[in-house]
Amino acid sequence: MFRAMNVAAVAAAASSLTIPLSKDTSNRNIAGEHAALCAKYGAEVPSVPITNFENAQYYGPVTIGTPPQHFKVIFDTGSSNLWVPGPKPSIVGHNRYHSEASSTFKANGTKFAIRYGSGELEGIIDTDVVSIAGLNVTINFGEATKMPGITWDVAKFDGICGMGWPSIAVDHVTPPFFSLLAQQKIQTGTFAFYLTSDGTDGELTIGGSNPAHHDGEFSYVPVSKKGYWELKGDDVSFNKKSIGTDVKAVMDSGTSLLAFPKKVAKEINSQLGCQEGVTGECTYTTCPKDNTLPDLELTMLGKTYTLQQKDYIMKVQDQCLSGFMGIDVPPPMGPVWIFGDVFMRKYYLEFDVPN
């Protein structure tokens, strides 16, 4: 079950556990992110260019081992594995997991590989104590031994903590949140994201949601396929015109933008008047005037979720960037319509595993 609410500030926080989420504002290759997204969803992977834009990824802390080793990870609903760098990758400025320094480490040794736009991330499976929001759980996770491309060098996060369903986990490893449930570390099988747009810390709530971040009741939408957090979108419209019906709408906290089928994204960006580069990013030489561009609307179970110009046009230093990019995921998985952080900044989302 998926629940959505308009972001607002009202009551005090609930008794569930929270993780602060920081926003990565380092320069990062947006087209490189597009290539990684294509790899994650099985689309054709393009080459990676060198054009950089300010990033908009959100990361939070976890610890691994005894004594605890600290890492910053993206909590990604579009994948299902936890991995962090080990000692071997030739990267700089990142925390690394040292198994020999942990008294609770247990060797597993199974090899794993995750395909990204710049090549395969490779490593081995380890077993150790992982702490998420102060909850200790013994799980299998990935220790990366090879991290290709420059993406990891410029990012402020160290690794990824997948929050997707077990069916898409590499090597059939149980995802961290599902391990928390199985080992009875939490009583409620829900988690919720609060993502900010003003540079302040966001929040991931484990085992519930935080009423300080929403007003009124949630709207419920059932998960249509347990893998990614995929929902049935009855209709997607732009400028009051339907551009897709019965779509596979994926809620993906690990994706910065809105990633729609290429033909659709190209048409939207054409209407927005931005200049599309060879790799799909669409930028303005002069930022559009406020309140001059159409709304995007996603309708699910009779309720419409609206994104306005202020939500999907991102200001990056002195330049403006469209929040739409194209991705063609082949059947049977696709086509998919990925609603990333652009959507999740507007709506407070709770992800409900049991229901």
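Residues numbered from 1 in each chain as written. Predicted model: local features only at pLDDT ≥ 70, side-chain atom pairs only at ≥ 80, totals over all residues. Heavy atoms only, no water.

### Some thoughts on the overall build of the protein chain
Part 1 of the reasoning: Counting its secondary structure elements, the protein chain contains six helices and 27 strands.
Part 2 of the reasoning: Nonlocal contacts in the protein chain, meaning residues at least 24 apart in sequence, comprise 71% of its contacts between residues at least 6 apart. (Helix = DSSP H or I, 4+ residues; strand = E, 2+ residues; numbered from the N terminus. Contact = heavy atoms within 4.5 Å.)

### A short note on the confidence of the model for the protein chain
Part 1 of the reasoning: For the protein chain, the average pLDDT comes to 85, and 84% of its residues sit at 70 or higher.
Part 2 of the reasoning: Overall, residues 7-15 carries pLDDT values under 50, and its contacts beyond four positions in sequence, including any with other chains, amount to 26 contacts.
Part 3 of the reasoning: Taken as a whole, residues 44-55 scores under 50 in pLDDT and shows 48 contacts with residues more than four places along the chain or in a different chain. (pLDDT = per-residue confidence, 0-100.)

### Looking at the state of the cysteines
Part 1 of the reasoning: Throughout the structure, instances matching the rule amount to two disulfides.
Part 2 of the reasoning: The residue that forms a disulfide with Cys274 is Cys282, at a sulfur-sulfur distance of 2.1 Å. Measuring the twist about the S-S bond at about 100 degrees, one finds the Cys274-Cys282 disulfide to be right-handed.
Part 3 of the reasoning: Across the disulfide, Cys287 is cross-linked to Cys320 (sulfur-sulfur distance 2.0 Å). On the sign convention where negative is left-handed, the bridge of Cys287 and Cys320, at about 105 degrees about the S-S bond, is right-handed. (Disulfide = S-S within 2.5 Å.)

### Observations concerning the nonpolar core
The tendency in soluble globular proteins is for nonpolar side chains to be buried side by side.
Part 1 of the reasoning: Counting 79 residues, the largest nonpolar core has Phe75 and Ile206 as the members making the most contacts within it.
Part 2 of the reasoning: Those residues within four positions of Phe75 in sequence are excluded, and the remaining contacts are Ile19, Leu21, Tyr58, Gly60, Pro61, Val62, Ile132, Cys161, Met163, Phe193, Leu204 and Ser253.
Part 3 of the reasoning: Residues Tyr59, Ile125, Met147 and Ala155 belong to the second largest nonpolar core, which totals 15 residues. (Core = buried A, V, L, I, M, F, W, Y, C linked by side-chain atoms within 4.5 Å. Buried < 20%, exposed > 50% of the residue type's maximum accessible area, 1.4 Å probe, protein only.)

### Regarding the packing of aromatic side chains
Part 1 of the reasoning: For the coordinates displayed, the defined rule picks out 22 aromatic pairs.
Part 2 of the reasoning: By way of ring pairs, the aromatic residues Phe238, Phe260, Tyr305, Tyr312, Phe324, Trp337, Phe339, Phe343 and Tyr347 are connected into one cluster.
Part 3 of the reasoning: Over the ring of Tyr305 we find Lys303; its NZ or CZ atom is 5.8 Å from the centre of that ring. (Phe/Tyr/Trp six-rings, centres within 6.5 Å; stacked < 30°, edge-to-face > 60°. Lys NZ or Arg CZ within 6 Å of the ring centre and 35° of its normal.)

### Let's talk about the sheet that holds strand S23 (residues 313-316)
Part 1 of the reasoning: Spatially, four strands are ordered S19-S20-S24-S23 in an open sheet, and the strand pairing comes out antiparallel. In this open sheet, the two edge strands, each paired with only one partner strand, are strand S19 (275-276) and S23.
Part 2 of the reasoning: The pairing of S23 with strand S24 (residues 319-322) spans four bridges and is classified as antiparallel. Its bridge partner being in S24, Met314 is matched across the sheet by Leu321. (Pairing = 2+ DSSP bridges.)

### Considerations on helix H4 (residues 262-272)
Part 1 of the reasoning: When H4 is considered as a whole, its buried residues turn out to be Val264, Ala265, Ile268, Asn269 and Leu272. The arc that holds the buried residues of H4, viewed along the axis, is 125 degrees, so those residues lie on one side. Turned more than 90 degrees from where H4 packs its buried face, Lys263, Lys266 and Ser270 sit exposed. (Arc of directions from axis to C-beta.)

### Quick notes on the environment of Lys88
Part 1 of the reasoning: Positionally, Lys88 belongs in the loop between strand S7 (82-85) and strand S8 (106-116).
Part 2 of the reasoning: The class for Lys88 is exposed, based on a relative accessible area of 68%.
Part 3 of the reasoning: Those residues in contact with Lys88, other than ones at most four positions away along the chain, are Arg96 and Thr145.

### Let's talk about unusual backbone geometry
Part 1 of the reasoning: A cis amide bond links Thr66 with the next residue in sequence, Pro67, at an omega value of -5 degrees.
Part 2 of the reasoning: Take Pro67: it is sitting in the loop between strand S5 (57-64) and strand S6 (69-76).
Part 3 of the reasoning: The omega torsion across Pro331 and Pro332 is 5 degrees, close enough to zero to call that bond cis.
Part 4 of the reasoning: Within the secondary structure, Pro332 sits in the loop between strand S25 (324-326) and strand S26 (336-339).
Part 5 of the reasoning: Phi at His172 takes a positive value of approximately 60 degrees, unusual for a residue other than glycine.
Part 6 of the reasoning: Relative to the assigned elements, His172 resides in the loop between strand S11 (159-162) and helix H3 (176-182).
Part 7 of the reasoning: Since its relative accessible area comes to 76%, His172 is described here as exposed.

### Quick word on the pattern of salt bridges
Once their charged atoms are close, side chains differing in charge can pair, the charge on each being opposite to the other.
Part 1 of the reasoning: Summed over all chains, the structure comprises four salt bridges.
Part 2 of the reasoning: In this structure, Asp234 and Lys232 form a salt bridge, with 3.0 Å as the shortest nitrogen-oxygen distance.
Part 3 of the reasoning: Residue Lys232 is classed as partly exposed on the basis of its relative accessible area, which comes to 42%.
Part 4 of the reasoning: Between Lys346 and Asp311 there is a salt bridge, with the nearest N and O atoms lying 3.3 Å from each other. Here Lys346 is found in helix H6 (residues 341-346), whereas its partner Asp311 is found in helix H5 (residues 309-312), with 35 residues between them in sequence.
Part 5 of the reasoning: What makes Lys346 partly exposed here is its relative accessible area of 21%.
Part 6 of the reasoning: Where salt bridges share partners, they join Lys232, Asp234 and Asp246 into one cluster. (Salt bridge = Lys/Arg side-chain N within 4 Å of Asp/Glu carboxyl O.)

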